[in-house]
Amino acid sequence: MSRIHIDWTRCDGHGACAELLPELLTSDEWGFPVSRTGERDPQVPRQLTEHARHAERSCPLMALRRV
Amino acid sequence: MNTPMNVATRPLGSRRDTQRLLAPEHRGHQGPVDDLPALSLDALKALAEESGLTGRGGAGFPTAIKLRAVAEARRAPVVVGNAMEGEPLSDKDAVLLNRAPQLVVDGLLVVSHALRAKRTILAVGPGIGTEAVQAAADRRRERTLVEIARLQGGFVAGQESALVNQLEGRRAVPRDPLVRVTTRGVDGRPTLVLNAETLAQLALAARHGSAWYRSSGTHDDPGTSLFTVSGAVSRPGVVEAARGTRLGDVLAPAGPLDPVAVLVGGYHGAWVPAAALDTRLTHADLRRYGATVGAGVLHVLGSGRCPLRAAAEIAGYLADESAGQCGPCINGLPRMADSLRRLADRRPDPRLPAEIDHLRRLVIGRGACAHPDGTARMVASTMHVFANHVAAHLAGWCPTDERGPR
Ligand code: SF4
Ligand code: SF4
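The shown structure was predicted, so the numbers you read here are calculated from the model rather than taken from an experiment.

**Student:** Give me the overall build of chain B: which residues, what numbers.
**Tutor:** Looking only at helices and strands, chain B features 15 helices and 9 strands. In summary, chain B has a C-alpha radius of gyration of 21 Å against a globular reference of 22 Å for 406 residues, a match within 12%. On the principal axes, the C-alpha backbone points of chain B span a range of 65 × 45 × 35 Å. Within the span of chain B, comprising 406 residues, buried residues form 58% of the whole.

Here it is in structure tokens:
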């Protein structure tokens, strides 16, 4: 099982990821992703693996990674 | 000195039996290093493990674990001594480097030898004299070449990966923690960064053994620590005390002046109220206050100072010191500092505590380094320990009645 890791030094808060992965991420008032689970690097349940992959590919700054 | 609070760079007297690093015999010691054992890696690992030595730079991480991480890597590592002392309230590394620099160098020698390090570097922050430590390094040149690097400062410049970046000629900002410097650091090599005091402690432990090391302090928190005492005291300075000593006893030589609370652990630390000065300086005893020994900063808040104003100033400073890389830190810290300032200004806005709480939770765990978390910790402690001041300020008055707006 993988986790979602945000490289905060790269992320510029476009919020694309929160739209693609609303089960795990929401956006703060500045547009930066917030983990819904409270975990620093939220765990990806098996049924969301595809969505997580898509979010990873869609991040324009390669700030979101599955680790 | 890089200390707005004007911490004196002189050691204060401490009890003879707790003087190790600051013992008179180490003072300006010029002698040979023949008595420094050349430990094997296994012997060093065992020493770190058995002595229970923890990092003295702030995070308090067990030295044995870091050492193991670097030793497991395949490439020859780089060893870095960290004397950046980015915390404005800390002066102990400066005192150590002037008073017993040979201990810091000896620590580097022991570690570098055991790890067969490719390079050995001592990183020194601005305002700290390097003459004494350079002389100590020169006298040990035949054993190991220690490069002394004078670097730019800043609150987060001493963070491990920021330090590695600066040593490589890049901006002194933290890296994403996914790849630790123990895996890839200076020159792409596994890098072991140890605080200057940690190295000095290690040098003594290497000479005298882990049983000797453990003969001071408590079982879970062995050894001594250097503490920098500042604020409302008549003699600010650096004290050495056994771990587990009562807070009040460590402060005593500095002469506290009507203390209300003590900020333990520095700007990223937490307040211990003056009613609890008998708290022992161990991780277990300080946990109740959300504090840790950290780098040994003890900042005394006197009764003439508004705690909320003091905390707002610290939060403002920390917001300015954000390395400007991570969105939640860039946006959240100034907002949090501003809300705290408005509270100190006695704005009668009942939403302020909830807003501060919200911002605090929002920044925790959402940066490349622990700067947001540390700032949030200090702010949470302020709201908790000074709850009566918070209530009074919301009602429009200040129990300290410090002159300020309103
Ligand atoms: S898509 Fe990438 S850059 Fe945009 S908010 Fe998400 S992690 Fe940050
Ligand atoms: S969390 Fe803040 S201080 Fe740390 S790297 Fe990010 S922006 Fe810089």
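Now that the structure has been shown, the text picks up again.
**Student:** I'd like a description of the overall build of chain A, backed by residues and values.
**Tutor:** When helices and strands are tallied, chain A shows 2 helices and 4 strands. Each helix and strand of chain A, ordered N terminal to C terminal, gives the series β-α-β-β-α-β. For the C-alpha atoms alone, the extent of chain A along its principal axes is close to 30 × 20 × 20 Å. Residues classed as buried in chain A amount to 43% of the 67 residues present. Working note: accessible area of chain A is about 3800 Å², and carbon and sulfur atoms make up 49% of it. For chain A, the separation between the mean place of its 9 positive charges and that of its 10 negative charges on side chains is 8 Å.

**Student:** Give a detailed account of the domain arrangement of chain B, specifying residues and quantitative values.
**Tutor:** Residues and elements named next belong to chain B. Each assigned domain of chain B is listed with its residue range as follows: domain 1 (21-214), domain 2 (224-302) and domain 3 (307-403). For domain 2 and domain 3, the distance between their C-alpha centroids amounts to 22 Å. Here domain 2 packs against domain 3, burying approximately 1100 Å² in sum over the two surfaces, 73% of which is carbon and sulfur. Counting the contacts that link domain 2 with domain 3 gives 0 salt bridges. The interface formed by domain 2 and domain 3 includes 4 residue pairs in polar contact (both at pLDDT 80 or more). Looking at the side of domain 2 that touches domain 3, the elements with two or more residues in it are β7 (259-264) and β8 (270-273). The residue inventory of the side of domain 2 that touches domain 3, partitioned by class, reads 8 nonpolar, 3 polar and no charged.

**Student:** Give a description of the packing of aromatic side chains that names residues and reports values.
**Tutor:** Residue and element names in this part refer to chain B. Taken as a whole and judged by the stated rule, the model has 4 aromatic pairs over all chains. Relative to Y267, the ring of F155 lies with its centre 6.3 Å away and its plane at 15 degrees, an arrangement referred to as stacked. Of the two residues, F155 is situated in the loop between β3 (147-150) and α6 (160-167) and Y267 in the loop between β7 and β8; the sequence distance between them amounts to 112 residues. With respect to class, F155 is no different from Y267; both count as buried.

**Student:** Account for the site of ligand 2, naming residues and giving values.
**Tutor:** Residues and elements named next belong to chain B. Of all residues adjacent to ligand 2, which total 13 residues, the nearest are A323, Q325, C326, C329 and C369. Because more than half of its atoms lie within 2 Å of the grid, ligand 2 is assigned to the second largest cavity. Among the residues forming the shell around ligand 2, the class breakdown is 8 nonpolar, 5 polar and no charged.

**Student:** With reference to specific residues and values, describe the site of ligand 1.
**Tutor:** Neighbouring ligand 1 are the residues C11(A), D12(A), G13(A), H14(A), G15(A), A16(A), C17(A), P33(A), C59(A), A63(A) and L64(A). Looking at the shell around ligand 1 residue by residue, the classes come out as 7 nonpolar, 3 polar and 1 charged.

**Student:** Give me the side chain of N165(B): which residues, what numbers.
**Tutor:** All names here are of chain B. Counting through the fold element by element, N165 comes out in helix α6. We classify N165 as buried; its relative accessible area is 7%. Looking at N165, its side chain comes within polar contact range of the main-chain oxygen of V173, at 2.7 Å. In contact with N165, other than residues within four places in its own chain, are R170, R171, V173, P174 and R175.

**Student:** With reference to specific residues and values, describe the confidence of the model for chain A.
**Tutor:** Summarising the model, chain A shows a mean pLDDT of 94, and 100% of its residues fall at 70 or more. For chain A, per-element mean pLDDT is lowest for helix α1 (residues 16-20) of chain A, which scores 93, and highest for strand β1 (residues 4-6) of chain A, which scores 97.

**Student:** Describe the pattern of salt bridges, naming the residues involved and giving the relevant values.
**Tutor:** Residue and element names in this part refer to chain B. Counted under the stated rule, the structure contains 28 salt bridges over all chains. When the shortest N-O distance is used, the salt bridge between K66 and E160 registers 2.6 Å. One end of the pair, K66, is in helix α2 (residues 63-72); the other, E160, is in helix α6, and 94 residues separate them in sequence. For K66, a relative accessible area of 18% puts it in the buried group.

**Student:** Can you tell me about the nonpolar core, naming the residues and giving the values?
**Tutor:** Generally speaking, a soluble globular protein has its nonpolar side chains buried in company with each other. With 58 residues, the main nonpolar core has I4(A), L64(A), L340(B), L343(B), M378(B) and V379(B) as its most contacted residues. Sort the elements by how many residues they give to this core and helix α11 (residues 307-320) of chain B lands first, with 8 residues. Residues within four places of L343(B) in sequence aside, it is in contact with L308(B), L352(B), I356(B), M383(B), V390(B), H393(B) and L394(B). Residues V95(B), I148(B), L192(B) and A196(B) belong to the second largest nonpolar core, which totals 47 residues.

**Student:** Go over a nonpolar patch on the surface with me, naming the residues and quoting the values.
**Tutor:** Among the surface-exposed residues, V67(A), L178(B) and V179(B) lie close enough to one another that they form a single nonpolar patch of about 200 Å² accessible area. One can find V179(B) in the loop between α6 and β4 (191-195).

**Student:** So what about empty space enclosed by the protein? Which residues, and what values?
**Tutor:** Residues and elements named next belong to chain A. Per the stated rule, a full pass over the model turns up 4 cavities of 30 Å³ or more. One number sums up the size of the largest cavity: a volume of about 130 Å³. Together, 17 residues line the largest cavity, and C11, G15, C17, C59 and P60 are the ones closest to its centre. When residues of the lining of the largest cavity are traced back to their parent elements, those giving at least two are α1 and α2 (49-58). Across the lining of the largest cavity, the residue classes tally to 12 nonpolar, 4 polar and 1 charged.

**Student:** Residues and numbers for the environment of A23(B), please.
**Tutor:** Relative to the helices and strands, A23(B) is located in the segment before α1 (41-51). Overall, A23(B) belongs to the buried group, its relative accessible area being 2%.

**Student:** Describe in detail the confidence of the model for chain B, supporting the description with residues and values.
**Tutor:** Put simply, chain B has an average pLDDT of 91, and 93% of its residues get 70 or more. In this model residues 1-9 of chain B is a low-confidence stretch, pLDDT under 50, and it forms 27 contacts with partners more than four residues away in sequence or in other chains.

**Student:** Tell me about the environment of P399(B), residues and numbers included.
**Tutor:** Residue and element names in this part refer to chain B. In this fold, P399 is placed in the segment after α15 (387-394). Expressed as a C-alpha distance, the spacing of P399 and H389, which sit 10 residues apart in the sequence, is 6.5 Å. Residues in contact with P399, not counting those within four places in the same chain, are H389, A392 and H393.

Rules used in this analysis
Residues numbered from 1 in each chain as written. Chains lettered and ligands numbered in written order. Predicted model: local features only at pLDDT ≥ 70, side-chain atom pairs only at ≥ 80, totals over all residues. Heavy atoms only, no water. Helix = DSSP H or I, 4+ residues; strand = E, 2+ residues; numbered from the N terminus. Rg over C-alpha atoms; globule rule 2.2 N^0.38 Å. Buried < 20%, exposed > 50% of the residue type's maximum accessible area, 1.4 Å probe, protein only. Areas by Shrake-Rupley, 256 points an atom, 1.4 Å probe, with all protein chains shown as cover. Lys, Arg positive; Asp, Glu negative; His and termini not counted. Charge placed at Lys NZ, Arg CZ, Asp CG, Glu CD. Domains from an automatic or database assignment. Buried area = accessible area lost by both parts, 1.4 Å probe. Salt bridge = Lys/Arg side-chain N within 4 Å of Asp/Glu carboxyl O. Polar contact = N/O pair within 3.5 Å; in protein donor to acceptor, adjacent residues only side chain to side chain. Nonpolar A, V, L, I, M, F, W, Y, C, P; charged D, E, K, R; others polar. Phe/Tyr/Trp six-rings, centres within 6.5 Å; stacked < 30°, edge-to-face > 60°. Near = heavy atom within 4 Å. 1 Å grid on protein atoms, 1.4 Å probe; cavity = no way out; pocket = protein on both sides within 12 Å on 5 of 7 lines; lining within 4 Å. Sits in = over half its atoms within 2 Å of the grid points. Contact = heavy atoms within 4.5 Å. pLDDT = per-residue confidence, 0-100. Core = buried A, V, L, I, M, F, W, Y, C linked by side-chain atoms within 4.5 Å. Patch = residues over 30% accessible without salt bridge, like charges linked within 9 Å, V, L, I, M, F, W, Y side chains within 5 Å. Points joined across faces, edges and corners; volume = space filled by probe spheres on them.

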